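# Geometric and topological summary
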Amino acid sequence: MTGRGHGKVAPAIRVRDLHKSFGTLEVLRGIDLDIARGEVVCVIGPSGSGKSTLLRCVNLLEVPTSGRIYLGEVEVTAPDTDLDRVRTRVGMVFQQFNLFPHLDVERNLTVAQEVVLKRSHDEAVEVAVAMLRRVGLEDKRHEYPARLSGGQQQRVAIARALSMGPQAMLFDESTSALDPELVGEVLGVMRELAQEGMTMLVVTHEMHFARDVADRVIFMDGGVIVEEGPPADVFAAPREERTRRFLDRVLAR
Amino acid sequence: MTASQADVQQEPPPGGRRFRVSRSQATQWALYALSLAIVLAVAFLVDWERLQDRMFRWDLVRAQFPEVVTQAARNTLVFTAFGFTGGLALGLLVALMRLSTIRPYRWAATVYVDLIRGLPALLVLIFIAFGLPIALGIRIPGTYGRGAVALAIVASAYIAEVIRAGIEAVPRGQMEAARSLGMSRGQAMRRIVLPQAFRLIIPPMTNELVLLLKDTALISVIGVTEATKELTRFGRDGVNANANATPLVVAGLVYLALTIPMTRLAAYLERRAAASK
Ligand SMILES: Nc1ncnc2c1ncn2[C@@H]1O[C@H](COP(=O)(O)OP(=O)(O)O)[C@@H](O)[C@H]1O
Ligand SMILES: [Mg+2]
């Protein structure tokens, strides 16, 4: 279950020797990563280790300094790639939800479908309702985001990303901004998504979630992947000293 | 204010809190008494009849109507409307250029804004009305043309800065979320960022509108026809014709009738925006 070598089918996401610098600060220092279709990969690691930057590079919110990224067969780092099209195929869920506060929930889900995918309004609404049902918030479709709890907002954000029909989903600490009692509902939605076979790359501090749901756990530190493997191995018997120290620290809490 | 500041600077006397309060009260009473004395002195020394005769003669007040409203105030509002609409369109363009990823756009917009904000509005107005036509051989057509174009250009630099501040106040995550859904920068700006920015800038924009309304007075310098006389020119002509300040006072009152409600509205919008945060 390492996600590698699933026959001849190209991995959903392939990252090759990815480097990213901000000025003189080298944040990613050679990342190689394959994520198979339907695989759930959790990324753990200390703050500042480059986890967010990795995710943001995968959907090209940051332009990599060097290296290649493929989605399926398509190299998205190729100079002639239509970046906006690429981004519709990868959904992203942010720590701060980032719902559009001036639009109601339904419009949050339909605006990009209409503007980017050129779906008709009726078609977009139909998809929106279906996605809201999936996250259990169909009845909130005419509310504004400010009237929802943090957990509900994040579920809407997930539904919004799903309504574009992405091939993979990226989650960047999607429960870190939530009150503890609201974390469960969001993780529940993510768990269902994983069970339905969505390809997911999840940065998280929720070690239980990583242990239960991930096919593979990646430990990052200092801009490199220090260790990776099935969660049972990484959590129970980390090979690297750095991993062990990190786990001791977060699991002690 | 000054009394309590003076108190703060002194060493507080031992156990002196009550002492200090009573002392600052005494100072306040002294200030009231002084103000009253000044008011009384003015009231006795000024020749009120003469003042009213020169500044507020009833027959002249009446003579200003209805033209001061139907012509002068109307023209002031027409110039304001043209200037603001043009200034808004141009200002939005300049603001977007200042935030552009394309460097020459940023430079051009910065130069434009710095230039116009760094010069007196009057100078810019005169330059556009007289300097440009001479230099480039173009004539801005229309009855209101020159004045409206000049005002729009002056206003656009200030409006651009208001819009830019508004755009920058929208959290970065909004643009990123929109981009992550596949929207282009332009689509995200138009659908997601600008609507939020415009909500933030309604109060400061109302203030810009008041400033612009007052700046229409500058047009009286670049020459207006009988048909485009605005309030200040109207008042000034009235002063010249009658050797009396009454027409100017009336024009001033009309200005206030327009600007004070707008200023109050801006303050109300600002309070409401602050409350909804
Ligand atoms: N846009 C940026 N400009 C400059 N430095 C950045 C930027 N984004 C991230 N960094 C830096 O890159 C490093 C890694 O950040 P990040 O990927 O957010 O780490 P993590 O998500 O693991 O906490 C940090 O030192 C951060 O300050
Ligand atoms: Mg992060």
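Described below are features of the structure shown in this document. (Residues numbered from 1 in each chain as written. Chains lettered and ligands numbered in written order. Predicted model: local features only at pLDDT ≥ 70, side-chain atom pairs only at ≥ 80, totals over all residues. Heavy atoms only, no water.)

## Here we look at the overall build of chain B
When you go through chain B residue by residue, the secondary structure sums to 12 helices and zero strands. Sequence-ordered secondary structure for chain B, helices as α and strands as β, is α-α-α-α-α-α-α-α-α-α-α-α. Whereas a compact globule of 277 residues would reach a radius of gyration of roughly 19 Å, chain B reaches 26 Å, over 25% beyond that. Along the first, second and third principal axes, the C-alpha set of chain B runs to 70 × 65 × 30 Å. Here chain B holds 277 residues, and 37% of them are scored as buried. In chain B, of all internal contacts separated by at least 6 residues, the share reaching a separation of at least 24 is 75%. Summed over all atoms, the accessible surface of chain B reaches about 16300 Å², with 66% contributed by carbon and sulfur. (Helix = DSSP H or I, 4+ residues; strand = E, 2+ residues; numbered from the N terminus. Rg over C-alpha atoms; globule rule 2.2 N^0.38 Å. Buried < 20%, exposed > 50% of the residue type's maximum accessible area, 1.4 Å probe, protein only. Contact = heavy atoms within 4.5 Å. Areas by Shrake-Rupley, 256 points an atom, 1.4 Å probe, with all protein chains shown as cover.)

## Notes on the interface of chain B and chain A
Many structure descriptions define interface size as the accessible area lost when the parts assemble. Facing the 18 residues of chain B at the interface are 24 residues of chain A. Here chain B packs against chain A, burying approximately 1700 Å² in sum over the two surfaces, 61% of which is carbon and sulfur. Summed over the three residues of chain B that lose the most area to chain A, namely Glu 176, Ser 180 and Leu 181 of chain B, the buried surface amounts to 33% of that side. Scanning the region where chain B abuts chain A turns up two salt bridges. The salt bridge partner of Arg 179 of chain B is Asp 84 of chain A, with a shortest N-O separation of 3.4 Å. At the junction of chain B with chain A, the criterion picks out six residue pairs in polar contact (both at pLDDT 80 or more). Taken together, the elements giving at least two residues each to the side of chain B that touches chain A come down to α9 (172–180) and α10 (185–215) of chain B. (Buried area = accessible area lost by both parts, 1.4 Å probe. Salt bridge = Lys/Arg side-chain N within 4 Å of Asp/Glu carboxyl O. Polar contact = N/O pair within 3.5 Å; in protein donor to acceptor, adjacent residues only side chain to side chain.)

## Let's talk about the site of ligand 1
Residue and element names in this part refer to chain A. Close to ligand 1 lie Phe 22, Leu 25, Val 27, Pro 46, Ser 47, Gly 48, Ser 49, Gly 50, Lys 51, Ser 52 and Thr 53. Here an oxygen atom of ligand 1 sits 2.7 Å away from a polar atom, N or O, in the side chain of Ser 52. Protein chains bury 60% of the 560 Å² of accessible surface belonging to ligand 1 in isolation. Counting residues per element, the shell around ligand 1 draws most heavily on helix α1 (residues 51–58), at three residues. Here the shell around ligand 1 is composed, by residue class, of four nonpolar, six polar and one charged. (Near = heavy atom within 4 Å. Nonpolar A, V, L, I, M, F, W, Y, C, P; charged D, E, K, R; others polar.)

## Some points on the layout of surface pockets
Of the voids in this model, the second largest pocket is the one considered here, and its volume is about 530 Å³. Together, 19 residues line the second largest pocket, and Arg 172, Met 175, Glu 176, Arg 179 and Arg 185 of chain B are the ones closest to its centre. Looking at the lining of the second largest pocket, the elements that each hand over two or more residues are α2 (83–88) of chain A together with α8 (145–169), α9 and α10 of chain B. Here the lining of the second largest pocket gets four residues from one element, more than from any other, and that element is α9 of chain B. The class makeup of the residues in the lining of the second largest pocket is 11 nonpolar, no polar and eight charged. (1 Å grid on protein atoms, 1.4 Å probe; cavity = no way out; pocket = protein on both sides within 12 Å on 5 of 7 lines; lining within 4 Å. Points joined across faces, edges and corners; volume = space filled by probe spheres on them.)

## Regarding the pairing of strand β1 (residues 13–22) of chain A
Residues and elements named next belong to chain A. The sheet contact formed by β1 and strand β2 (residues 25–35) spans eight bridges and is antiparallel. Among the inter-strand pairings, Ser 21 is bridged to a residue of β2, identified as Glu 26. Remark: two residues form the turn of the hairpin made by β1 and β2, two consecutive strands paired antiparallel; Gly 23 in that turn has positive phi of roughly 60°. (Pairing = 2+ DSSP bridges.)

## A short note on the side chain of Thr 206 of chain B
Within the element layout of this structure, Thr 206 of chain B appears in helix α10. Ignoring sequence-local partners within four residues, the contact set of Thr 206 of chain B consists of Met 262, Ala 266 and Leu 269 of chain B.

## Structural notes on the packing of aromatic side chains
This model, assessed by the stated rule, comprises three aromatic pairs over all chains. A centroid spacing of 5.6 Å and a plane angle of 70° characterise the contact between Trp 29 of chain B and Tyr 32 of chain B, whose relative ring orientation is edge-to-face. Separated by three residues within a single helix, Trp 29 of chain B and Tyr 32 of chain B lie in helix α2 (residues 17–45), roughly one turn from each other. Across the pair, Tyr 32 of chain B and Trp 29 of chain B agree in class, each one exposed. An angle of 80° between the planes, with centres 5.3 Å apart, marks the rings of Phe 56 of chain B and Trp 58 of chain B as edge-to-face. Across the ring face of Tyr 70 of chain A, the terminal group of Arg 14 of chain A is positioned such that the distance to the ring centre comes to 4.3 Å. (Phe/Tyr/Trp six-rings, centres within 6.5 Å; stacked < 30°, edge-to-face > 60°. Lys NZ or Arg CZ within 6 Å of the ring centre and 35° of its normal.)

## Examining the sheet that holds strand β4 (residues 66–71) of chain A
All names here are of chain A. Spatially, β2-β1-β4-β5 is the arrangement adopted by the four strands of the open sheet, whose pairing is antiparallel. The open sheet terminates on both sides in strands that have one partner only, identified here as β2 and β5 (74–75). As paired elements, β1 and β4 share five bridges and run antiparallel to each other. Paired with Val 15 across the bridge in β4 is Ile 69. Against the sheet, α1 contacts β1, β2 and β4, and its axis sits at roughly 120° relative to β1. (Axes fitted to C-alpha atoms, helices over the stretch in contact; angles between N-to-C directions.)

## Notes on the state of the cysteines
All names here are of chain A. Tallied over the full model, the rule gives zero disulfides over all chains. Summary of cysteine pairing: Cys 42 is not part of a disulfide, and the nearest cysteine sulfur, belonging to Cys 57, is at 19 Å. Assessed through its relative accessible area of 0%, Cys 42 is described here as buried. Overall, Cys 57 belongs to the buried group, its relative accessible area being 0%. (Disulfide = S-S within 2.5 Å.)

## Observations concerning the packing of helix α6 (residues 103–118) of chain B against α8 of chain B
Residues and elements named next belong to chain B. For the pair α6 and α8, the least separation of the axes is 9 Å and the interaxial angle reads 120°. As for how α6 packs across α8, the hand of that crossing is left-handed. Counting all contacts with α6, which are made through Tyr 112, Val 113, Ile 116 and Arg 117, the residues of α8 involved are Ile 153, Val 154, Ser 156, Ala 157, Tyr 158, Ala 160 and Glu 161. A class-by-class count of the residues in the contact of α6 with α8 yields eight nonpolar, one polar and two charged. (Left-handed = near helix turned anticlockwise from the far one by under 90°.)

## Structural notes on the environment of Asp 82 of chain A
Tracing the chain through its elements places Asp 82 of chain A in the loop between β5 and α2. Asp 82 of chain A sits in the partly exposed class, given a relative accessible area of 46%.

## Some points on helix α5 (residues 150–162) of chain A
Turn by turn, an α-helix covers 3.6 residues, leaving residues three or four places apart pointing in a common direction. When the terminal C-alpha atoms of α5 of chain A are compared, their 18 Å separation across 13 residues agrees well with the 18 Å that a helix rising 1.5 Å per residue should span. Taken across its 13 residues, α5 of chain A has 13 buried, putting it largely inside the fold. (Expected span 1.5 Å × (residues − 1).)

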